[in-house]
Amino acid sequence: MALRRLRLGPTGIIGLLIVAMVVLCALFAPWLAPFDPNATDLFNTLAPPAWSDGGSTAHLLGTDKIGRDILSRIIYGSRISLITACFAVLGYGVLGTLLGVVAGYSGPLVQNIIMRLVDIMLAIPFILFALVIISVLGSSLVNLIFTFVAIRWVQFTRIAFAQTLEVKERDFVLAARASGAKDSRIVHRYLLPNVMSPVLVVATLELGFVILLESGLSFLGLGVPPKIASWGSMLQEGRNLINLAWWLTTFPGLAIAVTVMGFNFVGDWLRDLLDPRSVG
């Protein structure tokens, strides 16, 4: 039964391959990138990809308006996307899950306070909230991650809250409570393990979603500083030249789309893996 559940379908294999490729690019960027991502060559600006007329094998995906290598910037840009996604999802995933479990297991007062705060956070548009936070704190990678943690924790709180309400009424939790087990032990040993399955699935999907949001914020100038290579800033730099140099936006856009698709495929596989109803 365990082996059948671990078996990967086509989408699971594709998703893991894509995620592995992006992780390898991020880890070994200095060795994989043919050039420094910020190195300029004013004598070779807006060079097309190698297979196009006028292209060169030295710059496989072409160069931008100040001669920076597109392939190198995409490889280094994977670092920003993964660092932001991993640290942000880890931060607001832990925070939101703990708050959801506390809200679900505690009495009406604590539950109402936490869940009304969730309602307030959900009523504020993400872009507006992010604009305010980054405008006050400034544009940096740390501030970008903090922005995600400050806003997106509510997604996990709602899931953990709903799961906790269900799990705390099961027989094994009621038996532990009747035997005199402390609340901290019940939460740690019985509630959290049963809440983690949907949380892990959502966390995987959130990784792709954060990459999209980070690219969008960088496109609007609210992400990392312009001197740091990121996929969103590459889209912003190339949008006014899309008719003249299509490769400036096409390749970063493909990198975003493929990476998000990979995380979504892995999330779908995890959902099937952790769903007991999928075992046959």
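Residues numbered from 1 in each chain as written. Predicted model: local features only at pLDDT ≥ 70, side-chain atom pairs only at ≥ 80, totals over all residues. Heavy atoms only, no water.

Peer 1: Any chance you could explain the side chain of Thr63 here in plain terms?
Peer 2: With respect to the helices, strands and loops of the structure, Thr63 is situated in the loop between α3 (29–32) and α4 (70–105). A polar contact is formed between the side chain of Thr63 and the backbone nitrogen of Leu46, at a distance of 3.3 Å. Not counting residues within four places of it along the chain, the set of residues in contact with Thr63 comprises Asn44, Thr45, Leu46, Ala47, Arg68, Asp69, Ile70, Trp247 and Leu248. (Helix = DSSP H or I, 4+ residues; strand = E, 2+ residues; numbered from the N terminus. Polar contact = N/O pair within 3.5 Å; in protein donor to acceptor, adjacent residues only side chain to side chain. Contact = heavy atoms within 4.5 Å.)

Peer 1: Can you walk me through the environment of Val210 in this structure?
Peer 2: Among the secondary structure elements, Val210 is positioned in helix α9 (residues 183–219). A sequence separation of 151 residues divides Val210 from His59, and the C-alpha atoms of the two residues are 30 Å apart. Excluding residues that lie within four positions of it along the chain, Val210 makes contacts with Thr84, Ala85, Ala88, Val89, Tyr92 and Phe148.

Peer 1: Is there a simple way to explain the pattern of salt bridges in this structure?
Peer 2: Side chains that differ in charge, positive against negative, can pair when their charged atoms come close. Scanning the model with the defined rule gives seven salt bridges in all. Measuring nitrogen to oxygen at the nearest pair gives 3.0 Å for the salt bridge that ties Arg116 to Asp119. Residue Arg116 and its partner Asp119 are located together in helix α5 (residues 108–123), separated by three residues, close to a single helical turn. You can call Arg116 partly exposed: its relative accessible area is 43%. Across the pair Arg152 and Glu206 runs a salt bridge, and its minimum N-O distance is 2.8 Å. Taken together, the residues span a long stretch of sequence, with Arg152 in helix α7 (residues 141–167) and Glu206 in helix α9 at a distance of 54 residues. (Salt bridge = Lys/Arg side-chain N within 4 Å of Asp/Glu carboxyl O. Buried < 20%, exposed > 50% of the residue type's maximum accessible area, 1.4 Å probe, protein only.)

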